[in-house]
Amino acid sequence: MASDEFNIPVINSGSGTVAIAACDVARLCGAEKIKLYGADFCYSGGKPYAKGTYLDSIYGRSSERTCPAETIFSALMYRTELNDCKPLFSAGLENPRTSPVLDSYSKALLDWAESNSYRYENKSFVKDVTYSNSLPEQKTFDGERFIKDLLNGVQELGEKTVCELKQNEYFYGVLPYMAWQKKWRKDNNLSVFEHLKLAYDAIKRYTIGYEE
């Protein structure tokens, strides 16, 4: 619904790595040269991830005496056979190892570069043909009005029939949250319209808190 009010460019984000999404954002902003940092697509020195990544806290909370975080990390790293080689994006790391998944990331990045006329040289992607910013002309997004319309639209859902709900974009906008409520709330025998009211109250409460 927000995209109807504002031009949101489509970003290549289906490759499994945020590196390509970041490169595509740079492309859309008109970058003629893109230099990557930390996009090694390999394991180095027997370590699956750099210290301090989000997996540290997740695996740290899951660790036990019989299954410490190191065991969990190793299970992740050795879930497939590792290849002893020097991948293109190893960046001189110690004893780099790749896997089929990591190799697919490298290939996807090179395919992205080729399809968008970038060549890889001197550890950077360089645009073969100079071009102007390809972002569409932007419209001003009225966030306050959008939230107001959203709240009004959700509130009015309580006056509609079930058949009318199936044709309403506001209903589909809050449907994932309603499904989450139904799964996790103890009183999950509530009707559709009771779940709608809870969704409306939550959106309103969150929006007011954000604006304050």
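Residues numbered from 1 in each chain as written. Predicted model: local features only at pLDDT ≥ 70, side-chain atom pairs only at ≥ 80, totals over all residues. Heavy atoms only, no water.

Asks: Mind laying out the overall build of the chain, listing which residues take part and the relevant values?
Replies: Within the chain, the secondary structure is distributed over 8 helices and 5 strands. For the chain, with 212 residues in total, the buried portion stands at 29%. Long-range contacts, defined as pairs at least 24 residues apart, comprise 57% of the intrachain contacts of the chain with a sequence gap of at least 6. With an accessible surface of roughly 14600 Å², the chain has 53% of that area assigned to carbon and sulfur atoms. (Helix = DSSP H or I, 4+ residues; strand = E, 2+ residues; numbered from the N terminus. Buried < 20%, exposed > 50% of the residue type's maximum accessible area, 1.4 Å probe, protein only. Contact = heavy atoms within 4.5 Å. Areas by Shrake-Rupley, 256 points an atom, 1.4 Å probe, with all protein chains shown as cover.)

Asks: Requested: an account of the pairing of strand S5 (residues 124-127), with residues and values cited.
Replies: Side chains Ser 124 and Val 126 project from S5 onto one buried face, and the interleaved Phe 125 and Lys 127 project onto a second face that is buried too. Pairing between strand S1 (residues 33-35) and S5: 3 bridges, direction antiparallel. Counted as the bridge partner of Lys 35 is Ser 124 from S5. Sheet analysis places strand S4 (residues 118-121) next to S5, joined by 4 bridges and oriented antiparallel. Along S5, the bridge assignment pairs Tyr 120 with Phe 125. Between S4 and the antiparallel strand that follows it, S5, lie 2 residues; Asn 122 among them carries a positive phi value of about 50 degrees. (Pairing = 2+ DSSP bridges.)

Asks: Break down the sheet that holds S1 for me, citing the residues and quoting the values.
Replies: Read across the open sheet, the 3 strands follow the order S1-S5-S4; overall the sheet is antiparallel. Of all the strands in the sheet, just S1 and S4 have a single pairing partner and so form its edges. With direction set aside, neighbouring strand axes in the sheet form an average angle of 25 degrees. (Axes fitted to C-alpha atoms, helices over the stretch in contact; angles between N-to-C directions.)

Asks: Could you give me a rundown of the pattern of salt bridges, with the residues and numbers involved?
Replies: Under the defined criterion, the tally for this structure stands at 7 salt bridges. Lys 107 is the salt-bridge partner of Asp 111, the closest N and O atoms lying 2.9 Å from each other. In this pair, Asp 111 and Lys 107 are both assigned in helix H4 (residues 100-115), 4 residues apart and thus about one turn of the helix distant. The partly exposed category is assigned to Asp 111, whose relative accessible area is 36%. A salt bridge links Arg 119 to Glu 121; the shortest N-O distance between them is 2.9 Å. The partly exposed category is assigned to Glu 121, whose relative accessible area is 32%. One connected set of salt bridges, linked through shared partners, spans Arg 119, Glu 121 and Asp 128. (Salt bridge = Lys/Arg side-chain N within 4 Å of Asp/Glu carboxyl O.)

Asks: Which residues make up a nonpolar patch on the surface, and what are the values?
Replies: Where nonpolar side chains cluster on the molecular surface, the patch consists of Val 162, Val 192 and Phe 193 and spans about 220 Å² of accessible area. For Phe 193, the position within the fold is in helix H8 (residues 192-211). (Patch = residues over 30% accessible without salt bridge, like charges linked within 9 Å, V, L, I, M, F, W, Y side chains within 5 Å.)

Asks: For the packing of helix H2 (residues 54-62) against helix H3 (residues 69-77), give the residues involved together with the corresponding values.
Replies: Two quantities define a packed helix pair, namely the angle between the helix axes and the distance between the axes. Interaxial distance between H2 and H3 falls to 8 Å at its minimum, and their mutual angle equals 120 degrees. The orientation of H2 relative to H3 falls into the category oblique. As for how H2 packs across H3, the hand of that crossing is right-handed. Of the residues in H3, those in contact with Leu 55, Asp 56, Tyr 59 and Ser 62 of H2 are Ala 69, Ile 72, Phe 73 and Leu 76. (Parallel < 35°, antiparallel > 145°, perpendicular 65-115°, else oblique. Left-handed = near helix turned anticlockwise from the far one by under 90°.)

Asks: Mind laying out H3, listing which residues take part and the relevant values?
Replies: Residues Ala 69, Ile 72, Phe 73, Leu 76 and Met 77 constitute the buried set of H3. Buried residues of H3 fall within an arc of 135 degrees about the axis and therefore sit on the same side. For H3, exposure combined with an orientation more than 90 degrees from the buried face picks out Glu 70 and Ala 75. Those residues of H3 that are buried are in contact with H2. (Arc of directions from axis to C-beta.)

Asks: Tell me about the confidence of the model for the chain, and name the residues and values.
Replies: On average, the chain scores 81 in pLDDT, and the residues at 70 or more come to 89%. Per-element averaging of pLDDT across the chain places H8 at the bottom with 78 and S1 at the top with 92. (pLDDT = per-residue confidence, 0-100.)

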